[in-house]
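Tertiary structure, described
Chain by chain, the residues:
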Amino acid sequence: MTGATPAPRQWQDEAKAGPGGAMTDEVGVITGPLTLRTTEQDGGLVRFDIQYTDADEWYTLTGGPLPHHGDPAGLHAAALAAVRAGGGAQAPGTGPA
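What counts, and where the lines are drawn
Residues numbered from 1 in each chain as written. Predicted model: local features only at pLDDT ≥ 70, side-chain atom pairs only at ≥ 80, totals over all residues. Heavy atoms only, no water. Helix = DSSP H or I, 4+ residues; strand = E, 2+ residues; numbered from the N terminus. Expected span 1.5 Å × (residues − 1). Buried < 20%, exposed > 50% of the residue type's maximum accessible area, 1.4 Å probe, protein only. Arc of directions from axis to C-beta. Contact = heavy atoms within 4.5 Å.

1. Considerations on helix α1 (residues 72–85)
- With 14 residues, α1 extends 20 Å between its outermost C-alpha atoms, agreeing within 8% with the 20 Å of an ideal straight helix rising 1.5 Å per residue.
- Buried within α1 we find Pro-72, Leu-75, His-76, Ala-79, Leu-80 and Val-83. Burial along α1 is one-sided: seen end-on, the buried residues are contained in an arc of 140 degrees.
- As for α1, its buried residues are in contact with β1 (10–16), β2 (22–24), β4 (33–41), β5 (45–52) and β7 (66–67).
- One or two residues past the end of α1 sits Gly-86, with phi positive at roughly 80 degrees.

Structure representation (C-alpha cells):
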C-alpha cells in the first residue's frame, strides 16, 4: 500500500507593492497591499500566485513557473522583494532589465 501524496510546500507573505506594482498574466499590473504565494510543483518548478490581500481571486505572477534549483524558499524571497520594489514586478529573473 502506498501512502498519500504529500501536499506541495508553499510559502505565503503579504507585501505592499512598490511603485508600478506587480505584473500578472490575467489582469496586467496590480498595486497596493498584496499577498504572494509560492508553491513547489512537480519537476523542480515553483509557481507564483498573487492577489489583492484578502481577495478571493488569485492571479499568476508573470514569468512563472520557474525551476527552483533546490531553493524554492529563496525564489519566494526574491519574488517578494521584487513585488515590494514594484516596477511591474515579475517572477525572479524574468522581468524587464
